[in-house]
Protein chains: 6
Amino acid sequence: MNWPAVAALPKSTPVVIPIAALEQHGHHMPVFTDSLLMGEVARRAEAELKDKVLFTPLMWLGNSEHHMDFPGTMTAAPRVYLDLLTNLIENMIAHGFQRILLINGHGGNHVPGQQVVFELRQKYRQRNDLLLLSATYWLLGGKPNEVDSSLEQNRMGHACEWETSMMLRIRPDLVGDLKQTARVEWGNPFEPGSRGWITKERTPTGHIGYPTNATAEKGETLFRVFTADVVSYINRMLAWDGFSWSG
Amino acid sequence: MNWPAVAALPKSTPVVIPIAALEQHGHHMPVFTDSLLMGEVARRAEAELKDKVLFTPLMWLGNSEHHMDFPGTMTAAPRVYLDLLTNLIENMIAHGFQRILLINGHGGNHVPGQQVVFELRQKYRQRNDLLLLSATYWLLGGKPNEVDSSLEQNRMGHACEWETSMMLRIRPDLVGDLKQTARVEWGNPFEPGSRGWITKERTPTGHIGYPTNATAEKGETLFRVFTADVVSYINRMLAWDGFSWSG
Amino acid sequence: MNWPAVAALPKSTPVVIPIAALEQHGHHMPVFTDSLLMGEVARRAEAELKDKVLFTPLMWLGNSEHHMDFPGTMTAAPRVYLDLLTNLIENMIAHGFQRILLINGHGGNHVPGQQVVFELRQKYRQRNDLLLLSATYWLLGGKPNEVDSSLEQNRMGHACEWETSMMLRIRPDLVGDLKQTARVEWGNPFEPGSRGWITKERTPTGHIGYPTNATAEKGETLFRVFTADVVSYINRMLAWDGFSWSG
Amino acid sequence: MNWPAVAALPKSTPVVIPIAALEQHGHHMPVFTDSLLMGEVARRAEAELKDKVLFTPLMWLGNSEHHMDFPGTMTAAPRVYLDLLTNLIENMIAHGFQRILLINGHGGNHVPGQQVVFELRQKYRQRNDLLLLSATYWLLGGKPNEVDSSLEQNRMGHACEWETSMMLRIRPDLVGDLKQTARVEWGNPFEPGSRGWITKERTPTGHIGYPTNATAEKGETLFRVFTADVVSYINRMLAWDGFSWSG
Amino acid sequence: MNWPAVAALPKSTPVVIPIAALEQHGHHMPVFTDSLLMGEVARRAEAELKDKVLFTPLMWLGNSEHHMDFPGTMTAAPRVYLDLLTNLIENMIAHGFQRILLINGHGGNHVPGQQVVFELRQKYRQRNDLLLLSATYWLLGGKPNEVDSSLEQNRMGHACEWETSMMLRIRPDLVGDLKQTARVEWGNPFEPGSRGWITKERTPTGHIGYPTNATAEKGETLFRVFTADVVSYINRMLAWDGFSWSG
Amino acid sequence: MNWPAVAALPKSTPVVIPIAALEQHGHHMPVFTDSLLMGEVARRAEAELKDKVLFTPLMWLGNSEHHMDFPGTMTAAPRVYLDLLTNLIENMIAHGFQRILLINGHGGNHVPGQQVVFELRQKYRQRNDLLLLSATYWLLGGKPNEVDSSLEQNRMGHACEWETSMMLRIRPDLVGDLKQTARVEWGNPFEPGSRGWITKERTPTGHIGYPTNATAEKGETLFRVFTADVVSYINRMLAWDGFSWSG
């Protein structure tokens, strides 16, 4: 798109900003995994929603400090990541858009996304036409293991059955030997509740979960479930008719 | 306590830092509500755990920018609040303590607490003896409406049935006329997922939920359920024996 | 108070924000000393001034980095403390109040309080109805040793005759064995003028001054002198009729 | 690549971080122009240098505040951009790499790149094995108009003959009608010397230079000249044998 | 001096950093007044102390935001000024010096100087050989009106009898018509205690005090008194033999 | 000047802010070299331009971190220096001036000056009457070695033939024994392009270039060439008639 094309869009057009990461994904998956998967979900959603929604390019740099003990990981420092997300959203506010969603494909970005939409809504508190949202694609309610009972996991891990299956669906050439992978349990007795952790506390290889039996078929199921959730979420943005109370 | 008494504690003693807020709680509840309730939960937990745990005073200033359209609310700016929580935890790290919990009694502090324990664990990534936790007392798994079926709500609101009942239990003199209160629905079609909001978008009076039928009996149930959760959580801190993987 | 009660106050009502600290006070005094004493002075002042003035809760976290070599001390980092005080005052400006006082009960907060009221007055330089003040209760001109000649000190120390006497007046149960305390001189040849110091440079036990002969009677005298000064100061806020020059 | 592959690289391997922008490029070019062109130069350079060099993904978010009056532009705030570049380089320092180049494809990133390598070299001043570089691909000495005399420009503009020609070479489908484009002069009487400007001061359409006669053939020449410069620069990084003086 | 000469100095040499301001000084005095006066005091002190002490150049940019309603005033923003003073002192710590004094000639710098030596002493708390001081030349105890009873003022104002007299002593050519000057009272009912103010609240012309009867003779007296105080203070730095307690 | 004199200036008057440094200049030159030379160029330019232009005092503190391994160097930290330059320019914007130039006499300030005028132009993007410029006096196009063929250098070094000659012209008493100086080559194979470096990597004595044959005559030539460039640049500021496009 060129700038006159963006200028011509209605200001009520939802803007979707995909965010992900570049970080270690175990011995069997590439560092670009989260960005490839989020990109695929975004592409599928965009194909369904067409011109009703504006998607920006995916921001591949995430909040991945917890993986920094594994070479190849790139990360914004935590506060810089807050600033970065803030800038992405404020760019779109500056261009007049009113409904903006960070759609996230990396666990470490989930809390920063929440923090930033909170901060920005306060900053623009005089506005009553601003809808600022942040969501992680696998935490929108979808239950893939209710669709495909062969899925061993019922929650997201890291470089796990779910992520490996999705990667087998789109880029099998980038997936290593799954027979070498071990089952690594989540192993955090402090949930619910939030613990500050670094990855090497929890896994020596870098993955968490059960990647061994990942398949492309499972991956397709996962993409369908998650894409449906994202599309549904954006449809709610389209349907939104403002606030009950205007103060 | 004086300083030699603190110096004499084992460094493995869990330190619990209660955090809450001073913010509007509708027409029928005082601005100090969250701090009074969190204080009561902390006192009950401390009474059970005794000398095994060190409780600091409660930090009453919270992240309450979303309530600032209602006079009397006090708040740290969002980034200042991150810094403030960071300081509270780092004080205790400086004194040598290894297991530190932010126990939270205000919704707006939930995400900042998570952000801060993430940031600090990364900062001290060379340490393998550091357990940094953040938890909100009503989000630790307790299901009070399974204990008392007369509870109308099954989730926390704001100045709602749950909070009003607890306040009736400890400070009925501070609760106004409940007959004047209305039922205010949560009204956020963007859950799960996170929306940046300000309170006046969602409620003209300042409360969300069903305070009208609050009772002190319900309050006692709520305190028992939540205190049990907090005590259980801290017991897991006491039982913790370090990381599976030391890198 | 609930928020409608705060909203109903005249905007010219003086707002008083008590600030103190949680820090080591030698072998014989608790870490919460400054907050207990400032709280008592504030309570006595509030009792005299009644509804003419709005007192916020006391902020117990202070600027106490110089005491951090003594376990149990909690502190905001120096710049965070400036931000924290800034937030407290700006909350009240946001709610429309025009006359705001930080009343301080900890030596380490004195300079930050001055810095912050300077900064904020500049930030709101377009306003000509804003009175921003910062004051330390024992530095308002009161001369307690002119009232009670048995007082050995003629200036404030730390966990000293003055502070220990006031604590004996309100919480004698928290005061340890005074016979064990030594006379510790101020020992700073660089006054007047300002020296950056850390507490352990000046005292091995944590106190400075002569606590040994503290009594509750002396404490009562001190409270009366200091409370009178604070009340007088706030009365000047009430009497204030604006600036001579409006530019 | 997965993380063990990155871990296996020699620490003396040059790391090249391509940076560009997403910003208006007039009526006839897409907002992603700089990123597409820098990506092509990086791909060509990588193809020549093969495994001797590690290329990271291209960071498409640049320092484009001066274009923000044109919708569709995205930008990091200037200081956030400094932090972002700092993080990208420090990621690689954390993984042990010693020779790091920001290769830049957007004018607005040129000064920030210089600022950041200055700052980081100072921060790591104890290291004598660290080579931190920043370079803009068309400012490495190449003189394309000496190679192809049909080129009208002898310097880079914006969405100009040079950029349009390169885009025609790789993505002609994204180039609009060149007959509609005007000649826009550089028009800055304050060179040499640096003027703070915003784009709309200098051009109403968003382009600067002479795009009308751009051709794919000119584009191929430009890519060859600039790629040769980048390869030569990286070869100097490979040949570098440390400092003359170690202090 | 060249760098080998600085390198040859004993690390115990006191370093004195004069700081002042460039700000409005009424209708009758130049904006550079504070810097000229502080420079004269520093030169006289240096002449007495000779090679025992290292004086840096005077930093003429001060914390003068309160004067910004008067054209010609230059100022660092308040936090930038804290950073600036921090840098000046840390430069000297980096070069190994142990005894460092900010000697100040502008009222608005007094609190920032105190804040900064506090902050830096905490930052370098592991050091037990570091003496960091900040002092304002007319607040070191000198009582000029006890020396010359014709002085009408007994405290410093602004562009007042004291400053005007000193300027008449060194640069009478820069002093305007004193007959036109009015008596402007200090007019702040909130002393002791600290009020955030801007200059135009207190004076329409920019001066505070009684400049009309200023004379060069009074100026000489003032310089002698203040210089003696500064020399005495630096002599205490020379005599300093470290801390009583090393912790 | 006093403040009413500044207030009386037309707002279109160019304001020139000279910036330089205090840093090591080898064994044979004083640390104040850059400030003395920039001061001389500014004085000569001011003499030519007279009252048409307002010159502020020279800011002698620069961005000299790369020289900090040599005692006596003083520097603002890199980001503080950006803030400092920002403040200097914003002071003048606050007083209503529209045409502001940072004229620079130290290599390390060149990039920060560019960064700051970029940042500020963006911040004040609503203004269409603001001309913010930054320039380094020896990089304005002057070719002194075309004027005096005895000059060995054709570019600026550090404490080199050019700087030493200029110092011999104005302060020969501060120049040491040139026979002891060596020829030190620039020795940076990464130009064009920008390398983060520290001075001790490139020179053990602190100078770069050929100071041995410096003379006062060469110095006079250099001053004339550079002053002419600066005067010409400021004349372009005077002649400026606003923007071509106002958006």
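Residues numbered from 1 in each chain as written. Chains lettered and ligands numbered in written order. Predicted model: local features only at pLDDT ≥ 70, side-chain atom pairs only at ≥ 80, totals over all residues. Heavy atoms only, no water.

Could you give me a rundown of the overall build of chain A, with the residues and numbers involved?
Counting secondary structure elements, chain A contains seven helices and five strands. Taken from N to C terminus, the helices and strands of chain A fall in the order α-β-α-β-α-β-α-β-α-α-β-α. Against the 2.2 N^0.38 benchmark of 18 Å for 247 residues, chain A shows a C-alpha radius of gyration of 18 Å, consistent with a compact globule. Among the 247 residues that make up chain A, the fraction classed as buried is 66%. Looking at chain A alone, contacts between residues at least 24 apart form 77% of all its contacts between residues at least 6 apart. Surface exposure of chain A reaches about 8300 Å², of which carbon and sulfur atoms provide 51%. (Helix = DSSP H or I, 4+ residues; strand = E, 2+ residues; numbered from the N terminus. Rg over C-alpha atoms; globule rule 2.2 N^0.38 Å. Buried < 20%, exposed > 50% of the residue type's maximum accessible area, 1.4 Å probe, protein only. Contact = heavy atoms within 4.5 Å. Areas by Shrake-Rupley, 256 points an atom, 1.4 Å probe, with all protein chains shown as cover.)

So what about the sheet that holds strand E5 (residues 194-196) of chain E? Which residues, and what values?
The five strands are arranged E2(C)-E1(C)-E3(C)-E4(C)-E5(E) in an open sheet whose pairing can be described as mixed. The open sheet has two free edges, formed respectively by strand E2 (54-55) of chain C together with E5 of chain E, since each of these has just one partner strand. Pairing analysis gives five bridges linking strand E1 (residues 15-19) of chain C to strand E3 (residues 99-104) of chain C, with the strands arranged parallel. Bridge pairing links Val16(C) to Leu101(C) in E3(C). Sitting on the sheet, helix H4 (residues 110-123) of chain C touches E3 and strand E4 (131-136) of chain C together with E5 of chain E, and the angle it makes with E4(C) is about 175 degrees. (Pairing = 2+ DSSP bridges. Axes fitted to C-alpha atoms, helices over the stretch in contact; angles between N-to-C directions.)

Explain the relation of the copies chain A and chain D residue by residue, including any values.
With an RMSD of 0.0 Å, the operation that places chain A on chain D is a rotation of 180 degrees combined with a shift of 0.0 Å along the axis. The transformation relating the two chain copies, once decomposed into turn and shift, fits a two-fold axis. Using C-alpha coordinates, one finds that chain A approaches the rotation axis most closely at Val80(A), a distance of 3.4 Å. (Least-squares fit on C-alpha atoms with pLDDT ≥ 70 in both.)

So what about the relation of the copies chain A and chain B? Which residues, and what values?
Note that the two copies of the chain are related through a rotation about an axis and a translation along the same axis. Each copy superposes on the other: chain A lies on chain B with an RMSD of 0.0 Å after a rotation of 180 degrees and an axial shift of 0.0 Å. Mapped onto chain B, 100% of the interface residues of chain A again fall at the interface, so both copies present the same surface.

Explain the interface of chain A and chain D residue by residue, including any values.
Listed per partner, the contact involves 41 residues of chain A and 41 residues of chain D. Summing both partners gives a buried area of about 3300 Å² for chain A against chain D, and 70% of it is carried by carbon and sulfur. Considering only the surface of chain A that becomes buried against chain D, Trp3(A), Pro71(A) and His95(A) emerge as the three largest contributors, covering 21% of it. Where chain A meets chain D, there are zero salt bridges. Along the contact surface separating chain A from chain D lie 16 residue pairs in polar contact (both at pLDDT 80 or more). Those elements that place two or more of their residues in the side of chain A that touches chain D are helix H1 (3-7) and helix H3 (78-94) of chain A. Broken down by element, the residue count for the side of chain A that touches chain D peaks at eight residues, all from H3(A). Residue composition of the side of chain A that touches chain D, grouped by class: 27 nonpolar, 13 polar and one charged. (Buried area = accessible area lost by both parts, 1.4 Å probe. Salt bridge = Lys/Arg side-chain N within 4 Å of Asp/Glu carboxyl O. Polar contact = N/O pair within 3.5 Å; in protein donor to acceptor, adjacent residues only side chain to side chain. Nonpolar A, V, L, I, M, F, W, Y, C, P; charged D, E, K, R; others polar.)

Account for the packing of helix H2 (residues 33-49) of chain D against helix H7 (residues 216-239) of chain D, naming residues and giving values.
Residues and elements named next belong to chain D. Contact geometry of H2 with H7 gives a least axis separation of 9 Å together with a crossing angle of 55 degrees. Taken as axis vectors, H2 and H7 run oblique relative to one another. Here H2 runs over H7; the crossing is right-handed. The residues of H7 that touch H2, namely those facing Leu37, Glu40, Val41, Arg44, Ala45, Glu48 and Leu49, are Glu220, Phe223, Arg224, Thr227, Val230, Val231, Ile234, Asn235 and Leu238. (Parallel < 35°, antiparallel > 145°, perpendicular 65-115°, else oblique. Left-handed = near helix turned anticlockwise from the far one by under 90°.)

Can you break down the interface of chain A and chain B residue by residue, with the values?
By a widely used convention, the size of an interface equals the accessible area lost when the partners come together. Tallying the contact residues gives 52 residues for chain A and 52 residues for chain B. Where chain A packs against chain B, one counts eight salt bridges. For the pair chain A and chain B, the number of links is 22 residue pairs in polar contact (both at pLDDT 80 or more). Listed by contribution, the elements that provide at least two residues to the side of chain A that touches chain B are H3, helix H4 (110-123), strand E4 (131-136), strand E5 (194-196) and helix H7 (216-239) of chain A. A per-class count over the side of chain A that touches chain B returns 24 nonpolar, 15 polar and 13 charged. In the sheet, E5(A) pairs with strand E4 (residues 131-136) of chain B via three bridges, with the strands oriented antiparallel. Opposite Ser194(A), over in E4(B), you have Ser134(B) as the bridge partner.

How would you sum up the sheet that holds E4(A)? Please name residues and give values.
Read from one edge of the open sheet, five strands run E2(A)-E1(A)-E3(A)-E4(A)-E5(B), paired in mixed fashion. On the outer flanks of this sheet lie strand E2 (54-55) of chain A together with strand E5 (194-196) of chain B, each paired with one strand and no other. Where strand E1 (residues 15-19) of chain A lies against E2(A), two bridges are found, and the strand directions are parallel. Residue pairing in the sheet places Val15(A) in a bridge with Leu54(A) of E2(A). Where H3(A) meets the sheet, its contacts fall on E1, strand E3 (99-104) and E4 of chain A, and the angle it forms with E1(A) comes to roughly 160 degrees.

Break down the nonpolar core for me, citing the residues and quoting the values.
If you look at the biggest cluster of nonpolar residues, it comprises 393 residues, and the most contacted ones within it are Tyr137(A), Tyr137(B), Tyr137(C), Tyr137(D), Tyr137(E) and Tyr137(F). The contact partners of Tyr137(C), leaving out residues within four places of it in the chain, are Leu37(C), Met38(C), Val41(C), Ile103(C), Asn104(C), Gly105(C), Met156(C), Met166(C), Phe226(C) and Val230(C). (Core = buried A, V, L, I, M, F, W, Y, C linked by side-chain atoms within 4.5 Å.)

Provide a residue-level description of the packing of aromatic side chains, including the pertinent values.
Tallied over the full model, the rule gives 36 aromatic pairs over all chains. Relative to Tyr233(F), the ring of Phe190(D) has its centre 5.9 Å away and its plane inclined at 70 degrees; by these criteria the two rings are edge-to-face. Remark: Tyr233(F) occurs in helix H7 (residues 216-239) and Phe190(D) occurs in the loop between helix H6 (161-170) and strand E5 (194-196); the pair is interchain, linking two chains. Take Phe190(D) and Tyr233(F): they sit in the same class, and that class is buried. Among the aromatic residues, those joined into a ring-pair cluster are Tyr137(A), Trp138(A), Trp162(A) and Phe226(A). The cationic tip of Arg183(C) hangs over the ring face of Tyr210(C); the distance from NZ or CZ to the ring centre is 3.7 Å. (Phe/Tyr/Trp six-rings, centres within 6.5 Å; stacked < 30°, edge-to-face > 60°. Lys NZ or Arg CZ within 6 Å of the ring centre and 35° of its normal.)

Any chance you could break down the pattern of salt bridges for me, citing the residues and the numbers?
The full count for this structure, using the stated rule, is 96 salt bridges over all chains. In this structure, Arg121(C) engages Glu201(E) in a salt bridge whose closest nitrogen and oxygen atoms are separated by 2.5 Å. In this pair, Arg121(C) is assigned in helix H4 and Glu201(E) in the loop between E5 and helix H7 (216-239), connecting two distinct chains. A relative accessible area of 4% places Glu201(E) in the buried class. Where salt bridges share partners, they join Glu40(A), Arg43(A), Arg44(A), Arg169(A), Glu220(A) and Arg224(A) into one cluster.

Help me get a handle on the arrangement of the chains, residues and values and all.
Nothing in chain A touches chain F, and the closest approach of their C-alpha atoms is 13 Å. At their nearest point, the C-alpha atoms of chain B and chain F are still 20 Å apart, with no contact between the two.

Quick one: what's the story with the pairing of E4(B), residue by residue and with numbers?
All names here are of chain B. A large share of E4 lies buried, amounting to six of its six residues. What you see with E4 is no split at all: Leu131, Leu133 and Ala135 on one side and Leu132, Ser134 and Thr136 on the other are buried throughout. Note that strand E3 (residues 99-104) and E4 share six bridges and pair parallel. For Ile103, the partnering residue across the bridge sits in E4 and is Ala135.

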